[in-house]
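Residues per chain, in single letters:
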Amino acid sequence: MDFQPADEQRALRDGARELLAARFGRDRLRAAVDDPTLDRALWRELGDAGFFALRLPEAVGGVGLGLPEAVLVFEETGRALLPGPLVACQLLAGLVDGVATGEKIVGLCDAVTGPGGGAAGPVLWEHPADCDELISVQGAEASVESVGGALAGEASVAETGRGRVAMAYRSVAARVSRAPFASVDPLTPLARVTDVPCTAPLALDVPRLRREAALLTAAQQLGSAARTVDMAVAYARERAQFGAPIGSFQAIKHLCAQMLVRAETARCAVYAASITGCAREVTGAKMLADHAAVWNARDCLQVHGGMGFTWEADVHLHLKRAWLRAERWGTACDAEEVLAADLVACGGGL
Amino acid sequence: MDLTYTPEEEDFRARLRQWLGEVLPLLPAKPAATDWPGRRAYDAAWQRMLYDAGYAGLHWPRDAGGQGVTPAQHLIFLEETELAGAPYVGANFVGLLHAGPTIVAEGTPEQRARWLPPILRGDEIWCQGFSEPDAGSDLAALRTRAVRDGDTYVISGSKIWTSHAEIADWCELLVRTDPEAPKHRGISWLAMPMDAPGVTVRPLRTLAGSAEFAEVFLDEVRVPAADRVGAENDGWRVTNVTLAFERGTAFVGEVVACRRVLGALARTARDNGRWDDAVLRRRLGRLSAEFTALWRLTQWNVSASRSAGGAPGAGGSVFKLRYSHARQELYDAAAEVLGAGALDADHTWVADRLSALSYTIAAGTSQIQRNIVAERILGLPKGR
Ligand SMILES: Cc1cc2nc3c(=O)[nH]c(=O)nc-3n(C[C@H](O)[C@H](O)[C@H](O)COP(=O)(O)OP(=O)(O)OC[C@H]3O[C@@H](n4cnc5c(N)ncnc54)[C@H](O)[C@@H]3O)c2cc1C
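Values in this document were obtained by computation on a predicted structure and should not be read as measured data.

Peer 1: Pulling in residues and values, what's your account of unusual backbone geometry?
Peer 2: All names here are of chain B. Of note in the backbone geometry, W161 takes a positive phi value of approximately 60° without being a glycine. Along the polypeptide, W161 turns up in strand β3 (residues 152-163). Since its relative accessible area comes to 48%, W161 is described here as partly exposed. Of note in this structure, A363 is not a glycine but carries a positive phi near 60°.

Here you go:
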């Protein structure tokens, strides 16, 4: 047991951080705020660097790494606030031609149906205008009983839902009817899918896809939560009031300390979930990472004073993205109910 | 990042499990919470069983009488003993987790030979005489004086909040040996026998009704200079060795126990109808994620300390901040499950709810931990 990242894992993370700093620095970030159209050239570079093919076997041109490595890389994309359907492209790289190399961009939407069979909520689509294809996963949300089963071991496709099999379908983006709306996150255009098409079915393990989407999203939240700690600390060191850096005031110090505690707790949850792949741990990790990202951004905003409330400072970009991600692939409310049901079913073992 | 254990570690786990299964039924009945001599005897008996089976001082170095196991094996030990319902470290806490490690790190060969074996065998109980009425968070402001008289120190002053003082044989005592020096520089670390003439112990009642800590008055107590650990006036550094250990792995078993309590809370709520309350249900679900994460954070810190040569780092403060708060939330949730039953002070969950209130205070308050995180980890400037 050595839970700390190995040397190669650290190198991978540092490499991703350097690449993103060079190719998506502050200027590019602010340019994307004004025009969120995805940069195809950058996307292909990410493809070349292996962002999408990371987990594909080397025999088919992939990098042959696992979920823990994907999580480390995705944490860096969260730090850099890199926009785009990164989670979708990472998860579908082996299934849709051209995605692994960054030639093609695919979106992913979850058309979960509630226990009664109707839609559980609006079906969201990120960056609809930039996607070549939309993959929609459909099928009843797992009932509490079947979630209990899934938690105990590997879930099979047929296990979810009340007798219905969750399925994935691919559709040409242009054929999907959608209703764009003003996204709260200026870097992530959004639309509601108004009529979920069921064209060509895709053979994939939907429960696993949902679990991995939640985990990679959590990794991005973690990156954002860690970044806002750095931003708050840097500002607290440089901004002076009453003749002293504001970071010497205990009220500010304690805000920063709590931010670090949130980020580090979420880090352990997310990394552990990437190793065990266990549904319970993924669910908990997503919830803790969502909380860390949202509340660290809030506290970072407070540390920045009036500057924190401006469009000019980057703090709001972290907060808005954190809000968006918290809505995707399992909300806190869903997670709490699932984990509560698991406590009754399985007791409180580790 | 690897959470699997090696075959040797799994083998260690299997042998430990088997041993626990054999010996736990042989333990005498647990004494009442207020029967302090009984508790001492019980905790000492358990420590002796560990010693005889080669499980005492597992992570201490071999040349200090320990077993020199890996941090992972130590973690397995703490996890398995808790899962099996074995007794806690109890009255041996200070000896095994504070004074002992300090003597291991800083003691002379004679001091190690004198004090470590009885700690490992459970023969001698230690207490910690650090805090004073006017020196709590600001520990370095302590005023208990030790004046040199030939080869002995003559000590006068008073200590407070000394856990287990009534049943302890020895006290790791911080005293001021140079009143002229800056406050961190004039402190020394002494081992004081609790039955020395001039030592008076007056028990204090906690809000839980028990008498687990005490005031200790010192009136011209004579302690040989040979029983000072570390150099004269170097006690602050020596102490920080001890405090770091305190925040290391001290709570591993409790995290395991908290998850078990959580499972029991869920089942109780299911049985008594409180489960229909979605707010309560969701609270328990959230705590489940919380304690899983705390367990992972423990493994993270243990792995980090291995690369740092065994000393627990500032990660201990991160853990303590999060854990002490989570523990209080757990027992607040327990009170909600119990409803009016939470007014029955004899219920274990209620007793634990009361004792949980000390977690954000003892061993450095949450405010002090946040100062440590902000200044030592985040590098924010010192201030008022
Ligand atoms: C159950 C229990 C067992 C204990 N056992 C022992 C023992 O065996 N041996 C021993 O030596 N001690 C022991 N203690 C003492 C413990 O270490 C102290 O209580 C603790 O360090 C706080 O000191 P204090 O009580 O003097 O509070 P104070 O230091 O007076 O603190 C009062 C309040 O002021 C805050 N405060 C103080 N300074 C600052 C600051 N710089 N910044 C922000 N806030 C600040 C504190 O956080 C707290 O909220 C025990 C305490 C408890 C509760």
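Peer 1: Tell me about the packing of aromatic side chains, and name the residues and values.
Peer 2: Residues and elements named next belong to chain B. Counted under the stated rule, the structure contains 17 aromatic pairs over all chains. Centroid distance Y55 to F77: 6.1 Å. Interplanar angle 25°. Geometry classified as stacked. Taken together, the positions of Y55 in the loop between α2 (36-52) and α3 (71-83) and F77 in helix α3 put the pair 22 residues apart, joining distant regions of the chain. For the residue pair Y55 and F77, the accessibility class agrees, reading buried in each case. Seen in terms of ring centroids, W161 and F213 are 5.3 Å apart; in terms of plane orientation they differ by 55°. Their pairing is tilted.

Peer 1: If you had to explain the nonpolar core to someone new, which residues and values would you point to?
Peer 2: With 195 residues, the main nonpolar core has A:V270, B:W126 and B:W189 as its most contacted residues. Among the elements that take part in this core, helix α7 (residues 206-238) of chain A stands out by supplying 16 residues, more than any other. Among residues more than four places away in sequence, those in contact with A:V270 are A:V71, A:L215, A:A218, A:A219, A:L222, A:A285 and A:A289. Core analysis: the second largest hydrophobic core is formed by 24 residues, B:A146, B:Y153, B:A196 and B:V221 among them.

Peer 1: Please set out the interface of chain B and chain A residue by residue, giving values where relevant.
Peer 2: Every contact between the two is made by 55 residues of chain B and, on the other side, 53 residues of chain A. Buried area between chain B and chain A, summed over both chains or domains, comes out near 4,800 Å², and the portion from carbon and sulfur atoms is 65%. Between the two partners, chain B and chain A, sit five salt bridges. Across the pair B:R296 and A:E281 runs a salt bridge, and its minimum N-O distance is 2.5 Å. Applying the counting criterion to the chain B and chain A interface returns 18 residue pairs in polar contact (both at pLDDT 80 or more). Every element with two or more residues in the side of chain B that touches chain A is listed here: α3, α7 (252-272), α8 (278-307), α9 (315-338) and α11 (366-377) of chain B. Along the lines of polarity and charge, the residues of the side of chain B that touches chain A split into 26 nonpolar, eleven polar and 18 charged.

Peer 1: Residues and numbers for the site of the ligand, please.
Peer 2: For the ligand, the set of nearby residues contains 18 residues, the closest of which are B:Q128, B:S131, B:S137, B:W161 and B:T365. Residues within reach of the ligand are spread across chains A and B. The contact in question runs from an oxygen atom of the ligand to an N or O atom on the side chain of B:T365, over 2.7 Å. At 2.8 Å, a side-chain N or O of B:Q367 approaches an oxygen atom of the ligand. Computed on the free molecule, the ligand has an accessible area of 970 Å², of which 66% lies beneath the protein chains in the complex. Elements represented by at least two residues in the shell around the ligand include exactly β3 and α11 of chain B. For the shell around the ligand, the class distribution of residues is seven nonpolar, eleven polar and no charged.

Peer 1: Please give an account of the environment of A:V63 that cites residues and values.
Peer 2: All names here are of chain A. Summarising the element assignment, V63 is placed in the loop between α3 (40-48) and α4 (67-80). Taking relative accessible area as the criterion, V63 reaches 35% and is therefore assigned partly exposed. Each C-alpha atom of the pair V63 and A21 lies 22 Å from the other, and the pair is 42 residues apart in sequence.

Peer 1: Mind laying out the UniProt feature "domain: Acyl-CoA dehydrogenase/oxidase N-terminal" (unreviewed entry) in chain A, listing which residues take part and the relevant values?
Peer 2: UniProt records the feature "domain: Acyl-CoA dehydrogenase/oxidase N-terminal" (unreviewed entry) at residues 7-84 of chain A, using the numbering of this structure. Segment residues 7-84 of chain A splits into 63% helix and 0% strand. End C-alpha atoms: 29 Å apart.

What counts, and where the lines are drawn
Numbering of residues begins from 1 in every chain and follows the order in which that chain's sequence is written. Throughout, the order in which chains and ligands are written sets their labels, letters from A for the former and numbers from 1 for the latter. Predicted model: local features are reported for residues with pLDDT of at least 70 only, side-chain atom pairs are reported and counted for 80 or more only, and whole-chain, interface and lining totals are derived from all residues. Side-chain measures here rest on the full set of heavy atoms in the structure, leaving out hydrogens and waters. Numbering of helices and strands runs from the N terminus; a helix is a DSSP stretch of H or I covering at least four residues, while a strand is a stretch of E covering at least two. For each residue, the accessible area found with a 1.4 Å probe, counting protein chains only, is set against the maximum for its type, and the residue is called buried under 20%, exposed over 50%, and partly exposed in between. Only the six-membered ring of Trp is used, alongside the rings of Phe and Tyr, when aromatic pairs are assigned; centres must lie within 6.5 Å, and planes under 30 degrees apart are stacked while those over 60 apart are edge-to-face, with the rest tilted. Put simply, buried Ala, Val, Leu, Ile, Met, Phe, Trp, Tyr and Cys residues joined by side-chain atoms within 4.5 Å make one nonpolar core. Pairs of residues are marked as contacts when any of their non-hydrogen atoms sit within 4.5 Å. Here the buried area means the combined drop in accessible surface, using a 1.4 Å probe, for two parts upon being joined, counting both sides. Basic side-chain nitrogens of Lys or Arg form a salt bridge, by our definition, when they fall within 4 Å of a carboxyl oxygen of Asp or Glu. Each polar contact in these results corresponds to two N or O atoms within 3.5 Å; when the atoms are within protein, one needs to be able to donate a hydrogen and the other to accept it, and residues that are neighboring in sequence are counted only if both atoms are side-chain atoms. The nonpolar class holds Ala, Val, Leu, Ile, Met, Phe, Trp, Tyr, Cys and Pro. Asp, Glu, Lys and Arg form the charged class, and all remaining residues, Gly among them, are polar. We define proximity as follows: a residue is near a molecule or strand when any one of its heavy atoms falls within 4 Å of that partner. Surface exposure here means Shrake-Rupley accessible area, sampled with a 1.4 Å probe, where a residue is shielded only by the protein chains that are shown. UniProt positions are given in the numbering used here, feature names are shortened, and annotations may be inferred rather than shown by experiment.

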